[in-house]
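Coordinate analysis (summary)
One letter stands for each residue in the lines below.
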Number of protein chains: 2
Amino acid sequence: MKKATSLDIAHLARVSQSTVSRALRNSPLVNPDTRRRVQDIARQLNYKVDVNARNLRSMKTNTIALLLCEDPGGGAAQINPFFLSILGSVAHAVARRGYDLLVSFQQLSEDWQADYEHANRADGIILLGYGNYNDYLKKISELEQAEAHFITWGPVIPGQPGLFIGCDNRKGGYQATERLIAAGRRHIGFVGEISDGCPEFRDRFRGYRQALEAAGLNADAALQIDGESSEKDGHRAALQLLESGRPFDALVCASDLLAIGAISALRHAGHRVPDAVSVIGFDDIPTAAHMTPALTTVRQDTVEAGQVLVEKLLQLIAGKPVDSMLLPTELIVRESCGGPADQR
Amino acid sequence: MKKATSLDIAHLARVSQSTVSRALRNSPLVNPDTRRRVQDIARQLNYKVDVNARNLRSMKTNTIALLLCEDPGGGAAQINPFFLSILGSVAHAVARRGYDLLVSFQQLSEDWQADYEHANRADGIILLGYGNYNDYLKKISELEQAEAHFITWGPVIPGQPGLFIGCDNRKGGYQATERLIAAGRRHIGFVGEISDGCPEFRDRFRGYRQALEAAGLNADAALQIDGESSEKDGHRAALQLLESGRPFDALVCASDLLAIGAISALRHAGHRVPDAVSVIGFDDIPTAAHMTPALTTVRQDTVEAGQVLVEKLLQLIAGKPVDSMLLPTELIVRESCGGPADQR
DNA sequence: AAGCGAAATGTAAGCGCTTTCATTGGCGGA
DNA sequence: TCCGCCAATGAAAGCGCTTACATTTCGCTT
C-alpha cells in the first residue's frame with residue numbers, strides 16, 4: 001500500500017486538494033465541519049505531511065542545525081559533557097518550538113554555513129565549539145555580509161562580529177580564586193590554556209589574576225600550566241606542576257575535565273584533595289557532584305544556555321534584531337576546595 | 001542577491017539544466033570537460049543543491065533520525081552518558097556515510113515512526129531508550145507489517161519482533177559477579193530494577209544469579225534493590241540496603257550511574273570502597289576511569305555500538321536482510337572492586 | 001556515401017505541497 | 001427582485017530538482 005497524499009484525502013473527502021492542505025494546517029478559511037472531516041480521514045489513512053514538499057514549497061525548513069566541532073580524532077565518546085548538556089537543552093528547546101534538530105559532530109567544513117543554510121537543510125545554525133577562535137572569527141566576518149543565521153556559544157566580546165552567547169568567564173575565574181584565598185590558600189595554580197586561540201580560558205585566567213591581586217597576592221607565572229580540554233590534559237598538567245617542584249596548595253582549573261584529570265594525578269602522587277591541595281573546576285558537568293571528593297566548580301547553566309541559544313537564533317531567523325548575551329556563573333561549593341560545603 | 005539555482009548555472013554554462021544536475025552528481029553520462037566547467041561555475045556561485053528539492057524528487061531523505069526517549073522531566077542535562085556516547089558514535093558513523101542526523105530527545109510520541117519516516121523526514125530511525133519495554137514491543141509488532149525502517153538498542157531476544165542491537169547483558173552480569181567472588185566477597189548485592197519492563201537489567205541480574213550459583217553461593221533476595229537509572233536512584237538503593245541491616249560486602253550495579261550514586265551513599269555512611277564494600281558498575285561511561293576510586297565496570301563498546309546500529313540500519317533501508325546482533329562485553333578492572341587493577 | 005550505434009545533451013514530466021487568484025453560492029439590504 | 005458581499009472552495013502555478021525518454025552529433029563500418 002502506497003503512502004497517502006493530500007490528493008488521496010481530497011478525493012475521499014470530496015474536496016479539492018488545496019482545501020485539504022488548508023484544513024490540515026487549521027486555516028480559518030475552511031469550514032469547521034470540512035476541517036474535521038478532512039482531519040478524520042487524514043488520521044485514518046495515517047497521513048503525514050511530506051516535509052520535503054512542504055519545505056520546498058514554503059521555502060523554509062523548520063529545522064535548526066547544531067554543529068559541535070570538537071572532534072577528538074577517531075573516538076566518539078570523548079565529547080565534553082558540558083557541550084552534551086547544552087545539546088540536551090537545545091534539543092528540548094528546539095522541540096518545544098516545533099523545530100527539528102540536525103546534529104553534526106564533524107570538524108567544521110570549509111563552508112559549513114552554506115552546507116546547511118544555503119542548501120536549505122536548516123533555517124539557522126548553532127555552533128558549539130568552533131576550533132581555533134581566530135580562524136573562526138575570520139570566517140564569521142566573511143559571513144556577516146551574507147544574511148546568515150547562526151549563533152555561537154563562546155566568548156562575549158563587545159564589538160566582535162557575529163552573535164555570541166557565553167557566560168561571564170572572568171567573573172567565574174574570580175569567584176573560584178576568591179574562594180580558595182578565603183580558605184587560606186596562598187599558592188594557587190591555574191590549569192588551562194591561555195593562548196589567544198582560547199579566549200574563554202583566557203578570561204577565566206584574567207579573573208584568577210584579578211582575584212589574586214585584589215587579595216594582595218602576587219601571581220607566580222610558573223603556576224599556570226596549559227591544558228586544552230580533556231582529563232588527560234589535566235592529568236598531564238598536574239604532573240608537570242608537581243615535577244616543577246614549585247609548591248602549590250590549590251588549583252583553579254579552566255574546566256571540570258581538567259580538574260578531574262588533575263585530581264586523579266594529585267591523588268596518585270600521594271597528595272590528598274582537598275587537604276593538601278584544593279581544586280576548583282569550571283562548568284559543573286553532571287558527574288561533578290558525584291565524584292569523590294565532590295567537585296567544587298563554577299557552574300555554567302547549560303539549561304538556560306540551550307534555551308537562550310535557541311530563542312535568540314529563532315529571533316534572528318524571524319528577522320528581529322538580536323544581541324549577544326552574557327550569562328551569569330555561580331560558584332558551587334562542594335568538597336574539593338576544602339572548607340565547609342554549601343551544598344552537594 | 002538571490003540564491004543560485006541549477007538553472008542559473010545552466011545558463012552560464014550554456015547547457016541544459018539536466019546536464020547541470022548530472023554534472024554536479026558526477027554522472028558518467030556527462031563529458032568530463034562539461035562537468036568541470038559546470039562544477040567550476042557552481043563553486044563560483046557558491047551553489048548548493050537544495051536538499052528539499054532533491055529529496056522530494058528522489059523520494060529519499062539521506063537522513064537518519066535518532067530518538068532518545070529518556071526524558072527526565074524538565075531538566076536536560078540528566079541524560080545517561082552511556083547513550084550520549086552512542087549518540088556521538090552514531091553521529092560519526094552517519095556522517096561517514098554521507099547521511100544527516102536528526103536528533104530528538106522527546107518522549108516517544110504516539111506514532112514516532114510515521115512522524116519521521118512516513119513524513120519523509122528520515123529514511124530510517126535509531127531508538128535509544130524506548131521507555132517501557134512491553135509497550136514498545138507492542139508498538140513494534142504493529143509496525144512489523146508496515147515496511148518500517150528502524151533499529152533499537154536494547155535486549156537481543158531470539159524470536160522477538162523488530163531489529164535489536166545490544167550487548168550480552170547476562171554475560172556482563174556474570175563477569176562482574178564472578179570477579180567479586182574471586183576477590184573473596186560472599187555477600188554480594190545487586191542494584192537495578194529487574195521488572196520485566198527492564199529486560200536488560202533483568203539479564204544482568206540473571207548473570208549475577210548464575211555466577212553465584214556457579215560458586216555455590218545462594219542468593220539472598222533481600223540483597224537485590226531496585227534502581228532505575230540515575231545516580232539518585234543508586235544513592236537511594238544503597239541507603240535502603242544499609243538501613244535494612246543486612247550485611248553485604250559487594251554490590252553489582254546495573255549501570256555506572258547507579259554505581260556512582262551507590263558509592264557516594266556508602267562513603268558518606270562511612271563505608272570505604274572498595275575496602276569495606278566492593279562495587280562494580282555497568283557501561284563504562286567516560287568518567288568511570290577518572291573517579292576515585294576508579295570504577296570497575298562492564299564495558300559496552302559504544303563506538304562499535306553506534307557503528308553497528310548505523311550499518312545495519314542502512315542495510316535495512318537498502319532492502320537487504322538484517323538480523324539482530326549481540327555485542328560482547330568486557331570487564332574493565334579498576335579500583336572499586338578491590339584486588340589488583342588490570343588497567344586504569 | 002549511406003547507415004548505425006554510442007556518447008552527450010536536451011526536453012519535459014512530475015515529486016507533494018502551499019498559495020494566489022478566481023469562482024461559487026447564499027443572504028441581506030436597497 | 002436585483003445586486004453586492006462574504007465565506008468557502010476550487011483551479012492552477014510553481015518551489016528546484018531528478019530522471020525517463022527523445023534528440024543530436026560524430027566516428028566508423030560496410
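Structural notes, computed from the coordinates. From a predicted model like this one, the values you see are computed outputs, not experimental measurements. (Residues numbered from 1 in each chain as written. Chains lettered and ligands numbered in written order. Predicted model: local features only at pLDDT ≥ 70, side-chain atom pairs only at ≥ 80, totals over all residues.)

Turning our eyes to something else, we now look at the overall build of chain A. Looking only at helices and strands, one finds 12 helices and 12 strands in chain A. In terms of overall size, chain A is more extended than a compact globule, its C-alpha atoms giving a radius of gyration of 25 Å where 344 residues would be expected to give roughly 20 Å. Seen through its principal axes, chain A has C-alpha atoms that stretch 85 × 40 × 35 Å. In chain A, which comprises 344 residues, the share counted as buried stands at 51%. Pairs at least 24 apart in sequence give 72% of the contacts found in chain A among residues at least 6 apart. (Helix = DSSP H or I, 4+ residues; strand = E, 2+ residues; numbered from the N terminus. Rg over C-alpha atoms; globule rule 2.2 N^0.38 Å. Buried ≥ 20, exposed ≤ 12 C-beta atoms within 10 Å, placed from the backbone. Contact = placed C-beta atoms within 7 Å.)

Here we come to the protein's contact with DNA strand D. Near DNA strand D, the surroundings consist of 25 residues, among which Ser16 and Ser18 of chain A together with Ser6, Ser18 and Ser21 of chain B are the closest. Of the residues that constitute the surface near DNA strand D, the class distribution is eight nonpolar, 11 polar and six charged. (Near = placed C-beta within 6 Å. Nonpolar A, V, L, I, M, F, W, Y, C, P; charged D, E, K, R; others polar.)

A word on the relation of the copies chain B and chain A. For the pair chain B and chain A, the superposition axis carries a translation of 0.0 Å, the fit reaches an RMSD of 0.1 Å, and the rotation angle comes to 180°. The symmetry that links the two subunits is that of a two-fold axis. Both copies contact each other with a shared surface, as 100% of the interface residues of chain B are interface residues in chain A too. (Least-squares fit on C-alpha atoms with pLDDT ≥ 70 in both.)

Here the focus is the protein's contact with DNA strand C. With respect to spatial proximity, 25 residues lie near DNA strand C, and among them Ser6, Ser18 and Ser21 of chain A together with Ser16 and Ser18 of chain B are the closest. Elements with a minimum of two residues in the surface near DNA strand C: α1 (6-13), α2 (17-24) and α4 (51-58) of chain A together with α2 (17-24) and α4 (51-58) of chain B. If one sorts the elements of the surface near DNA strand C by residue count, α4 of chain A sits on top with five residues. Residues of the surface near DNA strand C, tallied by class, amount to eight nonpolar, 11 polar and six charged.

Each strand in a sheet pairs with another by means of backbone hydrogen bonds, the pair being arranged parallel or else antiparallel. All names here are of chain B. The mixed open sheet is built from six strands, whose spatial order is β7-β6-β8-β9-β10-β12. The sheet is open, and its two edges are formed by β7 (224-225) and β12 (329-332), each paired on a single side. As paired strands, strand β6 (residues 188-191) and strand β8 (residues 250-253) are joined by four bridges and run parallel to one another. Looking at the pairing, Ile188 lines up with Ala250 of β8. (Pairing = 2+ DSSP bridges.)

Looking now at the interface of chain B and chain A. Residue-level contacts link 50 residues of chain B with 50 residues of chain A. Element by element, the count of residues in the side of chain B that touches chain A is highest for helix α5 (residues 81-96) of chain B, at eight residues. Split by residue class, the side of chain B that touches chain A holds 21 nonpolar, 21 polar and eight charged.

Below, the discussion takes up the sheet that holds strand β10 (residues 296-300) of chain A. Residue and element names in this part refer to chain A. Spatially, β7-β6-β8-β9-β10-β12 is the arrangement adopted by the six strands of the open sheet, whose pairing is mixed. Bordering the open sheet on either side are β7 (224-225) and β12 (329-332), each of which pairs with just one other strand. Against the sheet, helix α11 (residues 256-268) touches β6 (188-191), β8 (250-253), β9 (278-283) and β10, its axis set at about 155° to β9. (Axes fitted to C-alpha atoms, helices over the stretch in contact; angles between N-to-C directions.)

Attention shifts here to the environment of Tyr136 of chain A. Residues and elements named next belong to chain A. In this fold, Tyr136 is placed in helix α7 (residues 133-145). Its 19 C-beta neighbours within 10 Å are what place Tyr136 among the partly exposed residues. For the pair Tyr136 and Val51, spaced 85 residues apart in the sequence, the C-alpha separation amounts to 33 Å. Ignoring anything within four residues of it in the chain, the contact list for Tyr136 reads Tyr130 and Gly131.

Looking now at the pairing of β8 of chain B. All names here are of chain B. Burial of the side chains of β8 extends over both faces: Ala250 and Val252 are buried on one face and Leu251 and Cys253 on the other. In this structure, β8 lies alongside strand β9 (residues 278-283), joined through three bridges in parallel fashion. Within the sheet, the bridge partner assigned to Leu251 lies in β9 and is Val279. The parallel pair β8 and β9 is bridged by helix α11 (residues 256-268), and the resulting crossover is right-handed. (Right-handed = clockwise from strand over helix to strand, strands pointing away.)

What follows covers the packing of helix α8 (residues 169-182) of chain B against helix α9 (residues 199-214) of chain B. Residues and elements named next belong to chain B. Two numbers describe how α8 lies on α9: the axes approach to 6 Å, and their chain directions differ by 40°. In terms of axis orientation, α8 runs oblique to α9. Crossing of α8 against α9: the hand is right-handed. Of the residues in α9, those touching α8 at Asn169, Arg170, Lys171, Gly172, Gly173, Tyr174, Thr177, Glu178 and Ile181 are Glu200, Asp203, Arg204, Phe205, Arg206, Gly207, Tyr208, Gln210, Ala211 and Leu212. Here the contact of α8 with α9 is built from residues that sort into six nonpolar, six polar and seven charged. (Parallel < 35°, antiparallel > 145°, perpendicular 65-115°, else oblique. Left-handed = near helix turned anticlockwise from the far one by under 90°.)

Attention now goes to helix α9 (residues 199-214) of chain A. Spanning 16 residues, α9 of chain A covers 22 Å between terminal C-alpha atoms, matching the ideal 22 Å at 1.5 Å per step. Within α9 of chain A, burial applies to Pro199, Glu200, Phe201, Arg202, Asp203, Arg204, Phe205, Gly207, Tyr208, Ala211 and Leu212 of chain A. (Expected span 1.5 Å × (residues − 1).)

Residue and element names in this part refer to chain B. It is at 8 Å that the axes of α5 and helix α12 (residues 302-317) come closest, and there the two elements cross at 50°. As summarised for this structure, α5 and α12 are arranged oblique, according to the angle between their axes. Handedness of the crossing formed by α5 with α12: right-handed. Residues Phe82, Ser85, Ile86, Ser89, Val90, Ala93 and Val94 of α5 form the contact with α12, whose participating residues are Thr302, Val303, Ala305, Gly306, Gln307, Leu309 and Val310.

We now examine the pairing of β6 of chain A. Residues and elements named next belong to chain A. Every second residue of β6 is oriented toward a common face, with Ile188 and Phe190 on one face and Gly189 and Val191 on the other, all of them buried. Relative to β7, β6 is paired through two bridges, and the arrangement is parallel. Residue pairing in the sheet places Val191 in a bridge with Ile225 of β7. Between the parallel elements β6 and β7, the chain passes through α9 in a crossover that is right-handed.

Quick look at unusual backbone geometry now. Residue Pro274 of chain A follows Val273 of chain A across a cis peptide bond; omega there is 10°. Looking at where Pro274 of chain A falls in the secondary structure, it is placed in the loop between α11 and β9. One non-glycine residue, Met59 of chain A, lies in positive phi territory at about 60°. Secondary-structure assignment places Met59 of chain A in the loop between α4 and β1 (63-67). Phi at Asn26 of chain B takes a positive value of approximately 60°, unusual for a residue other than glycine. Along the chain, Asn26 of chain B turns up in the loop between α2 and α3 (32-44). The exposed category is assigned to Asn26 of chain B, around which 9 C-beta atoms lie within 10 Å.

What follows deals with the environment of Lys2 of chain B. All names here are of chain B. Relative to the helices and strands, Lys2 resides in the segment before α1 (6-13). A residue is classified by how many C-beta atoms lie within 10 Å of it, and Lys2, with 5 of them, is exposed. Distance from Lys2 to Arg179, taken between C-alpha atoms, is 66 Å for residues 177 residues apart in sequence.

On to α4 of chain B. Every buried residue of α4 of chain B is listed here: Val51, Asn52, Asn55 and Leu56 of chain B. Looking down the long axis of α4 of chain B, one finds its buried residues gathered within 130° of arc, a one-sided arrangement. Within α4 of chain B, the exposed residues directed more than 90 degrees away from the buried face are Arg57 and Ser58 of chain B. For α4 of chain B, the secondary structure elements touched by its buried residues are α4 of chain A. Met59 of chain B lies just past α4 of chain B and shows a positive phi near 60°. (Arc of directions from axis to C-beta.)

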